[in-house]
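Notes for the structure review
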Amino acid sequence: MPLALCCMSHSPLLDITEQSPELEADVRAALSAARAFAEDFAPDVVVVFAPDHFNGFFYRLMPPFCVGMAATTVGDYGSLAGTLHVPTGLAQACAQAVLADGVDLSISHRMKLDHSSAQPLRELFGALDARPVIPVFINAAAAPLGPLARTRQLGAAIGRFFGRRDERVLLVGSGGLSHDPPVPTLDSAPAAMAERLVSGRPLTIEEAARKHTGAIAEGLRLADGSSERRPLSPAWDTEFLSLVTSGALTELDGWSNDEIGQHGSGAHEIRAWIAAYSALDAAGPYEATYRYYRPIPEYIAGFAVTTARPGGADN
Ligand SMILES: O=C(O)CCc1cccc(O)c1O
Ligand SMILES: [Fe+2]
């Protein structure tokens with residue numbers, strides 16, 4: 001029953017670039033607040049809702065949602081590579097309960113995750129395997145995407161499952177908010193890259209290096225105003241944060257994917273937040289206990305960190 005939540009944006013540029021001391025200290029303080037919250041809550045299990053950037057999920061078989069029974073991270077952009085400690089029996093019971101509750105999902109006994117899972121686990125716990133983790137993939141990069149309502153229902157079903165149990169569960173959502181990072185799409189990628197988006201072959205060393213330098217260069221352009229990618233949308237980000245932190249989750253059902261995409265291809269990652277907040281919401285009213293937001297072009301991210309726990313309204 002005891003649930004708590006921590007949602008945070010991610011960006012590989014947080015790890016692989018050096019920014020002004022002021023910016024780095026500001027972001028570090030927010031991540032430290034999240035870490036203190038997680039440590040204080042001392043979860044028995046962590047559910048990480050995270051997208052993927054064509055590192056673990058490909059068009060040869062692209063599910064909208066997938067719960068991992070066992071999982072490793074690929075170490076893209078120098079993020080932590082290794083094996084998660086997935087409580088397989090609990091993950092199976094969770095998947096079973098979600099299916100019984102009316103939301104279809106896939107499962108994987110060999111799930112691959114990227115920086116979107118590795119970064120929050122490192123920031124919150126210092127390691128991939130410090131706590132039992134159930135990874136939940138939420139497709140946000142590979143069109144077509146379903147309606148936000150289905151992501152909300154997925155989160156709610158997971159929240160109802162844990163609401164009937166005794167484990168202390170930290171719900172983690174990773175990604176967003178507005179941002180338009182240089183992630184390929186099947187429609188627009190050159191042939192060799194499009195083939196990889198389908199087959200899932202590993203990036204060559206040269207391709208990985210180009211992706212790395214390309215992301216760094218894009219962050220510099222976004223920060224100096226010369227980028228041709230979509231700008232960050234602080235007003236939209238703030239509206240989103242107000243909705244999720246106030247419990248107005250069903251209002252998001254009216255947000256279309258076309259409109260969300262106006263705020264960058266990465267803006268679809270708000271799905272991870274919606275799933276995590278909906279899981280918390282399923283257990284009753286909640287209150288946000290921490291909220292950080294800063295548009296950070298240097299990181300290509302409308303960068304937010306929030307924590308929440310049951311409370312407010314009826315409590
Ligand atoms: O994996 C990729 O290629 C995209 C990585 C990436 C870059 C900037 C900001 C992000 O939030 C992000 O995820
Ligand atoms: Fe991302």
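Residues numbered from 1 in each chain as written. Chains lettered and ligands numbered in written order. Predicted model: local features only at pLDDT ≥ 70, side-chain atom pairs only at ≥ 80, totals over all residues. Heavy atoms only, no water.

Looking now at the pairing of strand E3 (residues 65-68). Burial of E3 is two-sided: the residues Phe 65 and Val 67 facing one way and the residues Cys 66 and Gly 68 facing the other way are all buried. With three bridges connecting them, E3 and strand E8 (residues 133-138) associate as antiparallel partners. Paired with Cys 66 across the two strands is Phe 137, which belongs to E8. As paired elements, E3 and strand E6 (residues 106-108) share three bridges and run parallel to each other. Residue pairing in the sheet places Gly 68 in a bridge with Ser 108 of E6. (Buried < 20%, exposed > 50% of the residue type's maximum accessible area, 1.4 Å probe, protein only. Helix = DSSP H or I, 4+ residues; strand = E, 2+ residues; numbered from the N terminus. Pairing = 2+ DSSP bridges.)

Attention now goes to the packing of aromatic side chains. Across all of its chains, the model carries nine aromatic pairs by this definition. Here the aromatic rings of Phe 240 and Trp 273 are separated by 6.1 Å at their centres, their planes lie at 70°, and the arrangement is edge-to-face. With Phe 240 in helix H8 (residues 234-246) and Trp 273 in helix H10 (residues 270-282), this pair connects stretches of sequence that are 33 residues apart. Taken as a pair, Phe 240 and Trp 273 share a single burial class, namely buried. One aromatic cluster in this structure is built from Trp 236, Phe 240, Trp 255, Trp 273, Tyr 277 and Tyr 286. One cation-aromatic arrangement involves Arg 168 over Phe 41; the distance from NZ or CZ to the ring centre is 4.4 Å. (Phe/Tyr/Trp six-rings, centres within 6.5 Å; stacked < 30°, edge-to-face > 60°. Lys NZ or Arg CZ within 6 Å of the ring centre and 35° of its normal.)

Before going further, it helps to spend a moment on the UniProt feature "active site" (unreviewed entry) in the protein. The positions UniProt marks with the feature "active site" (unreviewed entry) are His 115 and His 179. Along the chain, His 115 turns up in helix H4 (residues 115-125). What makes His 115 buried here is its relative accessible area of 4%. Excluding anything up to four places from it in sequence, His 115 contacts His 10, Pro 12, His 53, Asp 76, Tyr 77, Ser 79 and Pro 120. Within the local environment of His 115, its side chain forms a polar contact with the side chain of Asp 76, the two groups lying 2.6 Å apart. As for its position among the elements, His 179 is in the loop between strand E9 (169-174) and helix H6 (191-199). On the accessibility criterion, His 179 (3% relative accessible area) is buried. (UniProt positions renumbered as here; feature names shortened; annotations may be inferred. Contact = heavy atoms within 4.5 Å. Polar contact = N/O pair within 3.5 Å; in protein donor to acceptor, adjacent residues only side chain to side chain.)

Across the junction of Ala 143 and Pro 144, the peptide omega takes the value 5°, indicating a cis bond. Along the polypeptide, Pro 144 turns up in the loop between E8 and helix H5 (148-163). Following Gly 176, the chain continues into Leu 177 via a peptide bond in cis, with omega recorded as -10°. Tracing the backbone shows Leu 177 in the loop between E9 and H6. Even without being glycine, Phe 54 reaches a positive phi, approximately 55°. When you line up the elements, Phe 54 lands in the loop between strand E2 (45-50) and E3. Its identity is not glycine, yet Tyr 77 carries a phi of approximately 55°, on the positive side. Here Tyr 77 lies in the loop between strand E4 (71-74) and strand E5 (81-83). Residue classification places Tyr 77 among the buried residues on the basis of a relative accessible area of 16%.

Further remarks concern empty space enclosed by the protein. Taking a probe equal in size to a water molecule and rolling it over the atoms shows the remaining empty space. Scanning the model with the defined rule gives one cavity of 30 Å³ or more in all. Here the largest cavity is characterised by a volume of approximately 30 Å³. Lining the largest cavity are Asp 52, Phe 54, Phe 57, Met 62, Phe 137, Asn 139, Ala 141 and Ala 142. (1 Å grid on protein atoms, 1.4 Å probe; cavity = no way out; pocket = protein on both sides within 12 Å on 5 of 7 lines; lining within 4 Å. Points joined across faces, edges and corners; volume = space filled by probe spheres on them.)

Glancing now at the side chain of Ser 116. The residue Ser 116 is located in helix H4 in this model. Of note is the side chain of Ser 116, whose polar atom sits 2.7 Å from the backbone oxygen of Pro 51. Once residues within four sequence positions are removed from consideration, Ser 116 is found in contact with His 10, Ala 50, Pro 51, Asp 52, His 53 and Ser 174.

So, about the confidence of the model for the protein. Mean pLDDT for the protein: 97, with 99% of residues reaching 70 or above. Our summary of model confidence lists the complex with pTM equal to 0.98 and ipTM equal to 0.98. (pLDDT = per-residue confidence, 0-100.)

So, on to the site of ligand 1. The full set of residues close to ligand 1 is His 10, Ser 11, Pro 12, His 53, Tyr 77, His 115, His 179, Pro 181, Val 183, Lys 211, Tyr 299 and Ile 300. His 10 has a polar backbone atom sitting 2.8 Å from an oxygen atom of ligand 1. With respect to ligand 1, the side chain of His 115 contributes an N or O atom lying 2.9 Å from an oxygen atom. Look at ligand 1: alone it shows 350 Å² of surface, and the protein chains cover 99% of it. Class assignment of the residues belonging to the shell around ligand 1 gives a composition of six nonpolar, five polar and one charged. (Near = heavy atom within 4 Å. Areas by Shrake-Rupley, 256 points an atom, 1.4 Å probe, with all protein chains shown as cover. Nonpolar A, V, L, I, M, F, W, Y, C, P; charged D, E, K, R; others polar.)

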